[in-house]
There are 2 protein chains.
Amino acid sequence: MHYDASLQIILVLPKEQHNVWKKLCREYAFEVEHQLADGGETRFHSVKNGLEFVQEPGLVAVHDGVRPFVSLEVIRRCYDLAAKRKAVIPVVDVFETLRVVTKDGSRTVNRAEYKLVQTPQVFDTELLKQAYRQDFNPLFTDDASVVEAMNIPFFSLKAIGKI
Amino acid sequence: MHYDASLQIILVLPKEQHNVWKKLCREYAFEVEHQLADGGETRFHSVKNGLEFVQEPGLVAVHDGVRPFVSLEVIRRCYDLAAKRKAVIPVVDVFETLRVVTKDGSRTVNRAEYKLVQTPQVFDTELLKQAYRQDFNPLFTDDASVVEAMNIPFFSLKAIGKI
């Protein structure tokens, strides 16, 4: 169940970008094996499309393409923890001052009580597939929020710190 | 009271970096007029030191050195609004999923209700000087939080959007 460099890779891209991607792969001789899935209207729909390619039980990691500089160490820690915890997300501290919007304007909150969520988010495959069978909700901004919406009492989400 | 490219510039730097800075100015023929103030233990103490160089009434902007790519347009908008509102901070939307730490772990909050605070933060000089006469509080993570702590009822803070 641990991280393995030979894992199956599914790349989710808007359908109209598939040909550009394939051209880039040829141009730069990119030969890492992977499958292409179609992007959807929101992140939720894209992940759902990608999950259809996941058939084996085990762990699945969802990573955002806008975060290309993730370290191997973070990927490994997320996988290793997920093997025990079933659901792991990496988070970082909020370094900027954070304000909450109120009726009258906004006020500063204690940023030490907040975390910004990163990826990869790693889950037990069955758990994540079950979560993505739910109807879409605009508050689903990452995978953890989709899984949490199921309110499974035995579900334990582990947020790992500094990445 | 509006933004003026000929404004007085005060650079707050740890005392032990003053000589390095002066050397860099000579090396790169940096001739924009400015004054040097000593950095303090926290951002609060640094700003307080810098404010001692501000003698004229008017507007004062506090900018973080870690944000060198701020646009002239943002600086101008903050100054122009502050001329009317006395206190203006630029903010941006939270693009990542945001979680609040709870007793049992953490939960996702609606990121649309939160803003990340940027700089320059622009204030009426007297208002800011008065605010910085308060005792230090670890929750003072930016200038707006220092000003807000005074609980002045007529004080109006304007957060400007996308920068």
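Residues numbered from 1 in each chain as written. Chains lettered and ligands numbered in written order. Predicted model: local features only at pLDDT ≥ 70, side-chain atom pairs only at ≥ 80, totals over all residues. Heavy atoms only, no water.

With an unreviewed UniProt entry as reference, chain A is termed 2-C-methyl-D-erythritol 4-phosphate cytidylyltransferase, source organism Bacteroides pyogenes JCM 6292.

### What about the interface of chain A and chain B?
Many authors give the size of an interface as the accessible area that is lost as the parts come together. Applicable threshold: Note on definitions: a residue-residue contact is assigned when non-hydrogen atoms from the two residues lie within 4.5 Å. Take a side-chain nitrogen of Lys or Arg and a carboxyl oxygen of Asp or Glu: if they are within 4 Å of each other, that pair is a salt bridge. Secondary structure elements are taken from DSSP: a helix is a run of H or I of four residues or more, a strand is a run of E of two residues or more, and numbering for both begins at the N terminus. Three categories are distinguished: nonpolar for Ala, Val, Leu, Ile, Met, Phe, Trp, Tyr, Cys and Pro, charged for Asp, Glu, Lys and Arg, and polar for the others, with Gly belonging to the last.
On the side of chain B, 28 residues touch chain A, which itself brings 28 residues to the contact. Here chain A is connected to chain B by four salt bridges. One salt bridge connects B:Glu96 with A:Arg67, and the closest N-O pair in it is separated by 3.0 Å. For the side of chain A that touches chain B, the elements supplying multiple residues, two or more each, are strand 5 (98–102), strand 6 (105–108), strand 7 (114–117) and helix 5 (143–148) of chain A. Considering only residue class, the side of chain A that touches chain B consists of 12 nonpolar, seven polar and nine charged.

### Brief notes about the relation of the copies chain A and chain B
The condition that has to hold: Only residues with pLDDT of at least 70 in both copies count here: their C-alpha atoms drive the least-squares fit that superposes the copies.
The operation relating chain A to chain B is a screw motion whose rotation component is 180°, with 0.0 Å of axial translation and a residual RMSD of 0.0 Å. Such a combination of rotation and displacement between the chain copies is what one expects of a two-fold axis. Of all interface residues in chain A, 100% are interface residues in chain B too; the two copies therefore contact each other through one and the same surface.

### A short note on the packing of aromatic side chains
Just so we agree on the cut-off: Only the six-membered ring of Trp is used, alongside the rings of Phe and Tyr, when aromatic pairs are assigned; centres must lie within 6.5 Å, and planes under 30 degrees apart are stacked while those over 60 apart are edge-to-face, with the rest tilted.
Inspection of every chain in the model, using the stated rule, returns 11 aromatic pairs over all chains. Cluster of aromatic residues (ring-pair linked, three or more members): A:Phe44, A:Tyr132, A:Phe136 and A:Phe140.

### Things to note about helix 2 (residues 43–51) of chain B
All names here are of chain B. Inclusion rule: Under the scheme applied here, a residue whose accessible area is under 20% of the maximum for its type counts as buried, over 50% as exposed, and between as partly exposed, the area being computed with a 1.4 Å probe on protein chains only. Note that the arc is computed from the directions linking the helix axis to the C-beta atoms. Whenever a nitrogen or oxygen atom comes within 3.5 Å of another N or O atom, the pair is scored as a polar contact, on the condition that within protein one atom can donate a hydrogen and the other can accept it, and that pairs from neighbouring residues in sequence are kept only if both atoms are in side chains.
Where helix 2 is concerned, the buried positions are Phe44, Ser46, Val47, Gly50 and Leu51. On an axial view of helix 2, the arc spanned by its buried residues comes to 165°, and they lie on one face. On its buried side, helix 2 packs onto strand 1 (10–13), strand 2 (35–38), strand 3 (59–62), helix 4 (125–131) and helix 5 (143–148). Sitting at the amino-terminal end of helix 2 is Thr42, which places a side-chain oxygen 3.2 Å from the backbone nitrogen of Phe44.

### As for unusual backbone geometry
All names here are of chain A. The linkage connecting Thr119 with the following residue, Pro120, adopts the cis geometry, with an omega of 10°. Locating Pro120 in the fold gives a position in the loop between strand 7 and strand 8 (121–124). For Ala29, which is not glycine, the phi dihedral falls at a positive 50°. Looking at the element boundaries, Ala29 is found in the loop between helix 1 (18–27) and strand 2 (35–38). Judged by its relative accessible area of 52%, Ala29 is exposed.

### Side note on the pattern of salt bridges
This structure, assessed with the given rule, holds 14 salt bridges over all chains. The salt bridge involving A:Asp93 is made with A:Lys115; its shortest N-O contact spans 2.4 Å. Pair noted here: A:Asp93 is in strand 4 (residues 87–93) and A:Lys115 is in strand 7, with a separation of 22 residues, a long-range link. Of the residues examined, A:Asp93 reaches a relative accessible area of 28% and is grouped as partly exposed. A:Lys115 gets classed as partly exposed once you look at its relative accessible area, which sits at 23%. A salt bridge links B:Arg67 to B:Asp64; its shortest N-O distance comes to 3.3 Å. Take B:Arg67 and B:Asp64: they sit in the same class, and that class is buried. Members of the salt-bridge network, linked through shared partners, are A:Arg43, A:Asp64, A:Arg67, A:Asp143 and B:Glu96.

### Digging into the environment of B:Lys22
Residues and elements named next belong to chain B. Mapped onto the elements, Lys22 comes out in helix 1 (residues 18–27). The partly exposed category is assigned to Lys22, whose relative accessible area is 41%. Each C-alpha atom of the pair Lys22 and Leu36 lies 9.7 Å from the other, and the pair is 14 residues apart in sequence.

### Re a nonpolar patch on the surface
Note the following rule: For patch building, the residue pool is restricted to those with more than 30% relative accessible area and no salt bridge; the joining distance is 9 Å between like charges and 5 Å between nonpolar side chains (Val, Leu, Ile, Met, Phe, Trp, Tyr). Under the convention used here, a 1.4 Å probe and the Shrake-Rupley method define accessible areas, while residue burial counts only the protein chains that appear.
A grouping of A:Ile9, A:Phe30 and A:Val32 is seen on the molecular surface, where their side chains present a nonpolar patch of about 240 Å² in accessible area. As for its position among the elements, A:Phe30 is in the loop between helix 1 and strand 2.

### Side note on the environment of A:Asn19
Relative to the helices and strands, A:Asn19 resides in helix 1. For the pair A:Asn19 and A:Ser46, spaced 27 residues apart in the sequence, the C-alpha separation amounts to 18 Å.

### Things to note about the side chain of A:Thr125
Counting through the fold element by element, A:Thr125 comes out in helix 4 (residues 125–131). With relative accessibility at 2%, the residue A:Thr125 sits in the buried group.

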